[in-house]
Amino acid sequence: MMDSLMNAPLLFWAAGELGFEDYFSAALDHTKTTEQYLIREDGSSNHHYQFDPATAAPVRGVTLQGNSDDSCWSRGHAWGVYGLPIAYSYTKADFLPELHRALTYFMLNRLPEDMIPYWDYDFTSGDEPRDSSAGVISACGMLEMARQLPEGAEDKAVYKAAAPKLLEAVIDNCTGDIGKDYDGLICHVTHAKPQGAGIDECAVYADYFYLEALSRYLSPDFKNFW
């Protein structure tokens, strides 16, 4: 599942701390498997991918929190926009910047006018719920990859320009009602719309990545927790 890209850094870190090369290989292999089965040709992503439990043969992509098995759940996609730069920081694997570019440009091209992602990238307009957490997670990912890319790289300039715009959009659109109808730092988070859970609310993970994105933007020497 896309979420696992944010778990793999624990293995990368443990490999360095303990000298266990198997941990590093497992994390990198997981990232390559994500590329093979979860990332579509147009840069969108599956949420999960199912394999036959008896033969391990690939079956199909599915979703739990997205709009359909063929859609692109925005927060799941954001885990890729952020998880791939973290993997690149450990591995410098050649395929990762281009893969990250595909995911990130897909996301940027599916944002509505106010730049707050809908809960699924099937939607770019209308009254569907938003998910501001997808925006701040993606901002963290763009700032991390911008830090990893060499000076003069075209994508570096794009990410450095787009991440602050996402942050500004969240500040302008997702913080005004705090203390009234919401109990977190940012609102308009959608946890799991198909299950009717946490629609247009606050969430602790959204608040965390909001603060991390602000810290990354304000401090070029930000110490990566991942």
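A quick note: this is a predicted structure, and the numbers were derived from the prediction, not measured.

This structure, assessed with the given rule, holds zero disulfides. Left unpaired, Cys-187 is separated from the closest cysteine sulfur, that of Cys-174, by 5.4 Å. The exposure class of Cys-187 is buried, given its relative accessible area of 1%. Cys-187 supplies the cysteine sulfur nearest to Cys-202, a cysteine that is in no disulfide, at a spacing of 5.8 Å. With a relative accessible area of 17%, Cys-202 lands in the buried category.

To continue, consider the side chain of Thr-34. Its place among the elements puts Thr-34 in helix 2 (residues 21–37). On the basis of relative accessibility, which here comes to 3%, the residue Thr-34 falls in the buried class. Every residue in contact with Thr-34, bar those within four places of it in the chain, is listed here: Met-2, Leu-5 and Ile-39.

Here we come to the pattern of salt bridges. In the structure shown here, the tally under the stated rule is nine salt bridges. As a salt-bridge pair, Lys-193 and Glu-128 come within 3.7 Å of each other at their nearest N and O atoms. You can see Lys-193 sitting in the loop between helix 6 (154–174) and helix 7 (204–218) and its partner Glu-128 sitting in the loop between helix 4 (95–109) and helix 5 (132–148), a full 65 residues away along the chain. Of the residues examined, Lys-193 reaches a relative accessible area of 29% and is grouped as partly exposed. Salt bridges linked by common partners bring Glu-144, Arg-147, Glu-212 and Arg-216 together as one network.

What counts and how
- Residues numbered from 1 in each chain as written.
- Predicted model: local features only at pLDDT ≥ 70, side-chain atom pairs only at ≥ 80, totals over all residues.
- Heavy atoms only, no water.
- Disulfide = S-S within 2.5 Å.
- Buried < 20%, exposed > 50% of the residue type's maximum accessible area, 1.4 Å probe, protein only.
- Helix = DSSP H or I, 4+ residues; strand = E, 2+ residues; numbered from the N terminus.
- Contact = heavy atoms within 4.5 Å.
- Salt bridge = Lys/Arg side-chain N within 4 Å of Asp/Glu carboxyl O.

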